[in-house]
Each structure stands twice: as structure tokens, then as C-alpha cells.
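Secondary and tertiary structure notes
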Amino acid sequence: MARSSSGIVAGLTVAALAAIGFLGYQASATAPTLPAKPGAHAPAAPQAQAPAKQDPAKPAAVPADSGTGTRVVYSVSQKRVWLVTEDGKEPRTFTVMPSTVHPAPGSYLVGSRAGTVTGTDGVPIEHVVRFASTDGIAIGFSARVDGSMPEPDLSKKTGGIRMSRADGDAVWAFATIGAKVVVVA
């Protein structure tokens, strides 16, 4: 009897992995290759709403407690993301606008992606890369289609970690299904 139960569990696991793979492929296949430029469909965000630009001469260091290997590193307190590759090149790093619901520090895997959807805050977003869930709220990276990055409405529980459209494009290309995401405080 134990043998048949393990066979059922193995079969269900294989079916679940196949479904996740298919949905990941489907999301990738329907994503726009080159999203519309800001201003083409909506006005660009006012300069005051964008996070401060990083000094390219002094890139922020990848947090020491973020592990090793190829990974996306997200620091909640620094409001920053790093795209770290295995080859030792300087990682791409940029600031983000955190959501109202934060993932716990730890290591996650990208579980789903969507090319364009409406966010839980009712705003059209693109290049959604989901990696966690907290209190039933899906958490992931995304960019608003209008290019803006306003502070989130604190009265709403949302999990969208927003970034510029260019940074959203980079995360979309980097963080495919199964990619490692490390969250640090």
C-alpha cells in the first residue's frame, strides 16, 4: 500500500511540474518582445516620483548574507534589487518601490510569470515575476505600464515590487521560472 501511495504522489508531482512548466512557457510566449515606450500610451511619471538614481561610480554592494551563485537579490530595507550572475561580472542593481506586503527573508524560486496583467492595485502592469506569497498575497516584481513608481496605497494589501520599465525588462529576461530569488532585510 505504501508503494502505491508513493506512486500517486510521484505522479501528482510530475503533473504539477508539467503544468507549471506549461504555464511558464505560455506566459513567456505571450509577453511583448518590446513593450511600448513611456508616453506612447500614457504619460511618463513625474521626476519626483522616481527613486533617487544610483551613482554609477559607486554601485551598491550585493548584501553579504545573500548567498552565492546566479540569483536575484532583493533588500527590503534598501529598496534595491541586484541581478547576480555566476560569471563574477558586476551585477545590475537598481532601486525599487516595495509593496505594502513584504516577503520574509529567505530563498525563493520564481513560480510564475505574466507578460501583462492588472495589478492588485488596479493598475496595468507588465513583466510580472512572482516568487512568494504572504498572507495569501502573491509577491513579485513588476513595472507599471505607465512607467511611474508612486508610493503604494498603505490602505491596500499588495505584493507588487515596482521598478522602472527598463529594470522590469531586465528582471523579465533574467528571472525565468525556477530562478533563485533571495530576500534580505
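Predicted model only: the values in this text are computed from it and were never measured. (Residues numbered from 1 in each chain as written. Predicted model: local features only at pLDDT ≥ 70, side-chain atom pairs only at ≥ 80, totals over all residues. Heavy atoms only, no water.)

**Details of the nonpolar core**
In terms of nonpolar packing, the biggest core is built from 25 residues, with Tyr74, Val81, Phe131, Phe141, Val171 and Val181 touching the most fellow members. At the level of secondary structure, the elements contributing two or more residues to this core comprise β1 (71–75), β2 (80–84), β6 (124–134), β7 (137–144), α2 (165–174) and β9 (180–184). Non-local contacts of valine 81, meaning those with residues more than four positions away in its chain, are made with Val72, Val73, Tyr74, Arg92, Thr93, Phe94, Val96 and Phe141. Val73, Trp82, Val182 and Val184 belong to the second-largest nonpolar core, a separate cluster that totals five residues. (Core = buried A, V, L, I, M, F, W, Y, C linked by side-chain atoms within 4.5 Å. Buried < 20%, exposed > 50% of the residue type's maximum accessible area, 1.4 Å probe, protein only. Helix = DSSP H or I, 4+ residues; strand = E, 2+ residues; numbered from the N terminus. Contact = heavy atoms within 4.5 Å.)

**A look at the confidence of the model for the protein chain**
Put simply, the protein chain has an average pLDDT of 79, and 69% of its residues get 70 or more. Under a pLDDT of 50 for its full length, residues 5–51 has, in the predicted model, 36 contacts with residues more than four places off or in other chains. (pLDDT = per-residue confidence, 0-100.)

**A closer look at the packing of aromatic side chains**
This model, assessed by the stated rule, comprises three aromatic pairs. Aromatic pair tyrosine 74 and phenylalanine 141: ring centres 6.0 Å apart, planes at 90°, arrangement edge-to-face. Of this pair, tyrosine 74 sits in strand β1 while phenylalanine 141 is found in strand β7, placing the two residues 67 residues apart along the sequence. One exposure class covers both tyrosine 74 and phenylalanine 141, and it is buried. Their ring planes at 65° and their centres at 5.7 Å tell us that tyrosine 108 and phenylalanine 131 sit as a pair that is edge-to-face. Of this pair, tyrosine 108 sits in strand β4 (residues 106–109) while phenylalanine 131 sits in strand β6, and the two are 23 residues apart along the sequence. Each member of the pair tyrosine 108 and phenylalanine 131 is classed as buried. Among the aromatic residues, ring-to-ring pairing joins Tyr74, Tyr108, Phe131 and Phe141 into one connected group. We note arginine 113 situated over the ring of tryptophan 172; from NZ or CZ to the ring centre the distance is 3.6 Å. (Phe/Tyr/Trp six-rings, centres within 6.5 Å; stacked < 30°, edge-to-face > 60°. Lys NZ or Arg CZ within 6 Å of the ring centre and 35° of its normal.)

**Some thoughts on the sheet that holds β2**
Ordered by their spatial adjacency, five strands build an open sheet running β3-β2-β1-β9-β4, and the pairing between neighbours is mixed. Each edge of the sheet is formed by a strand with only one pairing partner; in this case those strands are β3 (92–95) and β4. Across the sheet, the axes of successive neighbouring strands diverge by a mean angle of 20°, strand direction being ignored. As defined by bridge partners, β4 adjoins β9 across four bridges and the pair is classed as antiparallel. Its bridge partner lying in β9, serine 107 is registered against valine 182. In the packing of α2 onto the sheet, contacts are made with β1, β2 and β3, and the angle to β3 comes to roughly 135°. (Pairing = 2+ DSSP bridges. Axes fitted to C-alpha atoms, helices over the stretch in contact; angles between N-to-C directions.)

**Quick word on the sheet that holds strand β8 (residues 160–162)**
One open sheet accounts for four strands, arranged β5-β6-β7-β8; its pairing is mixed. Every other strand in the sheet has two partners, leaving β5 (112–118) and β8 as the edge strands with one partner each. Strand-to-strand twist across the sheet, computed as the mean angle between neighbouring axes with direction ignored, equals 35°. Its contacts with the sheet place α2 against β5, β6 and β7, and it is angled at close to 55° to β6.

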